[in-house]
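Structural description and commentary
Spelled out from the first residue to the last, the chains are:
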Amino acid sequence: MVYDAAGPHFFSAHLNPEPVGACSSFPTNGSEAGPSSYSYDVSRLSDRFFDVVRAADQPLYNGCDESQLSAVARLVNIKAENNMSERCYDQVSQWASDLLPRDHTLPPDYYNTKKLIRDLGLPIEKIHACKNGCMLYWKDDIGLEYCKFCGDPRYKPTKDRNPQRKKSPYAVLRYLPLIPRLQRLYASPATAKYMTWHACHQTKEGSMCHPSDVEAWRHFDKSYPDFAVEPHNVRLALCTDGFAPHGQYGRTYSCWPVILTPYNFPPGMCMKPEYMFLMMVIPGPSNPKRCIDIYLEPLIKELLQLWHVGVLTHDHATNQALMMRAALMWTINDLPAYGMASGWSTAGIMGCPVCMEDTQAFRLQHGRKACYFDCHRQFLPHDHPYRRNKRSFTKNRQERKIARPRLTGDEIHRRVEQYGTAVEEPLTYPSGYGNVHKWTKKSIFWDLPY
Ligand SMILES: [Zn+2]
Ligand SMILES: [Zn+2]
């Protein structure tokens, strides 16, 4: 857990008095971070965090090299990896306590362990959702008991008449706020010094080892120089895909984890699991399809705050406060998830997001499945030998068509701005869907100003 919260080099880098003391000099007040509900008081968060570290940095017993915190972290890790029950954990700690000298500081059970490490963790929010995925019960809708779109109830029926008893909702979105996670990257000496790596590394001409070497990154820098000038600003990529927790043979259930990766780190770090943030798990039982935007709303809200206002953050590497901003640069998906995120459905005849309605796809004569065979020779240069090849593609067909140029971002935006978002209209598809276009919505990513 400590490892999850502070990075893999935490113990080696942290459990000495010098860096711990450095954080208490942080001079800021979290209320300056902006009016949003997502402004976390960084000094309070880090002070609480380091208070726990300091308090728990006592030896397990007199003369022992292992600290209380590291022993507890290892035990909690074993519990998580082996899916150990609380009862089993209690018994193991009781047995270990019997073996240790009398003056040991190992907590006697799981309850006390949780109390000890609670402040090391990062916040998690549980937001109730409609079981059909039409809305989240948050912001102005937090008090509703029925979905305002489909009318289904929010809570499961119960026979218990006690009004004090907590009701059980049908679906819960577990959301792990982004801002405190990014702030933690700057609070830990194991990661803070690498957060500006992208701005100062040298790359050999012609080689590409990191996203900062590519044209898209430079284009973004040119378009938003005020963002690019500050190397501490965070560049993020978002990826999502369906996940079946019961495997192939269990009951049909898929949930959708959404993961963010900061690309400020060097290539050896930014693709490591420790630095990929699980932002939310979209509840099942089925694919959220175009309604994925409803669940992404809390994340987009934080991204907007991180772009427009920024958040006051303490950088451990320079021991200074900075206004951290962040931008979402890319999304990484397979084709079906791309269709859900972008708003252009990738199913059926018009499923190619490049050719769009200008597609050459056709249906197979007997199975009626959409087939994209030999649709994309049109993108080859006009003198390419494959264009004249009559044997390897569709028999006796040469490709003479020149593909139309790819639509620019502005052109796509002009097309979709007439449509509603999935948050406004979760149950209806835009008119003409399936006949003249495959737009399912105006994607929530258009809310981001970049
Ligand atoms: Zn609903
Ligand atoms: Zn195509």
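All of these numbers come straight from a predicted model, not from anything done at the bench.

Calculation rules
- Residues numbered from 1 in each chain as written.
- Chains lettered and ligands numbered in written order.
- Predicted model: local features only at pLDDT ≥ 70, side-chain atom pairs only at ≥ 80, totals over all residues.
- Heavy atoms only, no water.
- Donors = N, O, S within 2.8 Å, 3.2 Å for Na, K, Ca; no water.
- Helix = DSSP H or I, 4+ residues; strand = E, 2+ residues; numbered from the N terminus.
- Buried < 20%, exposed > 50% of the residue type's maximum accessible area, 1.4 Å probe, protein only.
- Contact = heavy atoms within 4.5 Å.
- Polar contact = N/O pair within 3.5 Å; in protein donor to acceptor, adjacent residues only side chain to side chain.
- Phe/Tyr/Trp six-rings, centres within 6.5 Å; stacked < 30°, edge-to-face > 60°.
- Lys NZ or Arg CZ within 6 Å of the ring centre and 35° of its normal.
- Pairing = 2+ DSSP bridges.
- Axes fitted to C-alpha atoms, helices over the stretch in contact; angles between N-to-C directions.
- Patch = residues over 30% accessible without salt bridge, like charges linked within 9 Å, V, L, I, M, F, W, Y side chains within 5 Å.
- Areas by Shrake-Rupley, 256 points an atom, 1.4 Å probe, with all protein chains shown as cover.
- Salt bridge = Lys/Arg side-chain N within 4 Å of Asp/Glu carboxyl O.
- Core = buried A, V, L, I, M, F, W, Y, C linked by side-chain atoms within 4.5 Å.
- pLDDT = per-residue confidence, 0-100.

**Quick look at the coordination of the zinc ion (ligand 2)**
Under ideal tetrahedral coordination, the four donors around a metal are separated by 109.5 degrees; under ideal octahedral coordination, the six donors are separated by 90 or 180 degrees. Ligation of the zinc ion (ligand 2) by protein atoms is provided by Cys352 (SG), Cys355 (SG) and His376 (NE2), these donors lying 1.9 to 2.1 Å from the ion. All donor residues of the zinc ion (ligand 2) come from one chain, and their arrangement in sequence is C-x2-C-x20-H. A residue pair is termed long-range when its members are at least 10 positions apart, and cysteine 352 in the loop between helix 15 (335–342) and strand 9 (362–363) and histidine 376 in the loop between strand 10 (370–371) and helix 16 (385–388) qualify at 24 residues. By relative accessible area, histidine 376 is classed as partly exposed at 36%.

**Looking at the coordination of the zinc ion (ligand 1)**
Note on the zinc ion (ligand 1): its protein donors are Cys130 (SG), Cys134 (SG), Cys147 (SG) and Cys150 (SG). The metal-donor distances range over 2.2 to 2.3 Å. All donor residues of the zinc ion (ligand 1) come from one chain, and their arrangement in sequence is C-x3-C-x12-C-x2-C. Since its relative accessible area comes to 2%, cysteine 134 is described here as buried.

**Digging into helix 15**
Every buried residue belonging to helix 15 is among Ala337, Gly339, Met340 and Ala341, and all of these are buried. Tucked inside the fold, the buried residues of helix 15 contact strand 3 (234–240), strand 4 (256–262) and helix 14 (292–308). Looking at where helix 15 begins, the residue whose side-chain oxygen comes 3.1 Å from the main-chain nitrogen of alanine 337 is aspartate 334. One or two positions beyond helix 15, positive phi appears at glycine 343, with a value near 100 degrees.

**A short note on the packing of aromatic side chains**
Inspection of every chain in the model, using the stated rule, returns 14 aromatic pairs. Measuring from centroid to centroid gives 5.0 Å for tryptophan 344 and tryptophan 439, while their planes differ by 80 degrees, and the two rings are edge-to-face. Of this pair, tryptophan 344 sits in the loop between helix 15 and strand 9 while tryptophan 439 sits in the segment after helix 17 (409–416), and the two are 95 residues apart along the sequence. Comparing tryptophan 344 with tryptophan 439, the two get one shared label, buried. Consider the rings of tyrosine 429 and tyrosine 433, whose centres lie 4.7 Å apart with planes at 40 degrees: the pair is tilted. Look at tyrosine 429 and you get partly exposed, because its relative accessible area is 40%. Taken together, the ring pairs connect Phe220, Tyr224, Phe227, Trp307 and Tyr450 into an aromatic cluster. In this structure, lysine 79 is placed above the aromatic ring of tyrosine 110, and the distance from its NZ or CZ to the ring centre is 4.8 Å. Positioned above the aromatic ring of tyrosine 429, the side-chain terminus of arginine 290 is 4.7 Å from the ring centre.

**Structural notes on the sheet that holds strand 4**
Spatially, the six strands line up as an open sheet ordered 1-2-5-4-3-8, and their pairing is mixed. In this open sheet, the two strands that pair with only one neighbour each are strand 1 (125–129) and strand 8 (326–332). Going from strand to strand, the sheet's axes swing by 20 degrees on average, the running direction of each strand aside. The pairing of strand 1 with strand 2 (residues 171–175) spans five bridges and is antiparallel.

**Here's the deal with a nonpolar patch on the surface**
A surface patch of nonpolar side chains, amounting to about 330 Å² of accessible area, comprises Val92, Trp95 and Leu99. Along the polypeptide, tryptophan 95 turns up in helix 6 (residues 86–99).

**Some remarks on unusual backbone geometry**
Leave glycine aside and you will find that most residues have negative phi; peptide bonds, for their part, are mostly trans. You will see that asparagine 83, though not glycine, has its phi angle at about 55 degrees, which is positive. The phi dihedral of asparagine 396 is positive, around 60 degrees, even though this residue is not glycine. One can find asparagine 396 in the loop between helix 16 and helix 17. By relative accessible area, which is 60% here, asparagine 396 ends up exposed.

**Observations concerning the nonpolar core**
Core analysis: the biggest nonpolar cluster contains 56 residues, and Leu178, Leu182, Leu236, Met280, Leu296 and Leu299 have the highest contact counts within it. Examining the composition of this core, we find that nine residues originate from one element, helix 14, more than from any other. Beyond its immediate sequence surroundings of up to four residues, leucine 182 is in contact with Val234, Leu236, Phe277, Leu306, Met324 and Ala326. Formed by 13 residues, the second largest nonpolar core is a distinct cluster that contains Leu60, Tyr89, Tyr110 and Leu120.

**As for helix 8 (residues 178–187)**
In an α-helix, one turn spans 3.6 residues, which is why side chains three or four residues apart end up on the same side. With respect to burial, helix 8 is a largely interior element, ten of its ten residues being buried. Inspection of helix 8 places Leu178, Ile179, Pro180, Arg181, Leu182, Gln183, Arg184, Leu185, Tyr186 and Ala187 among the buried residues, and these make up the whole buried set.

**Section: the confidence of the model for the chain**
In the predicted model, the chain carries a mean pLDDT of 84, and the fraction of residues at 70 or more is 87%. Low pLDDT (under 50) marks residues 1–40, which in the prediction has 87 contacts with non-local residues, meaning those over four places away or in another chain.

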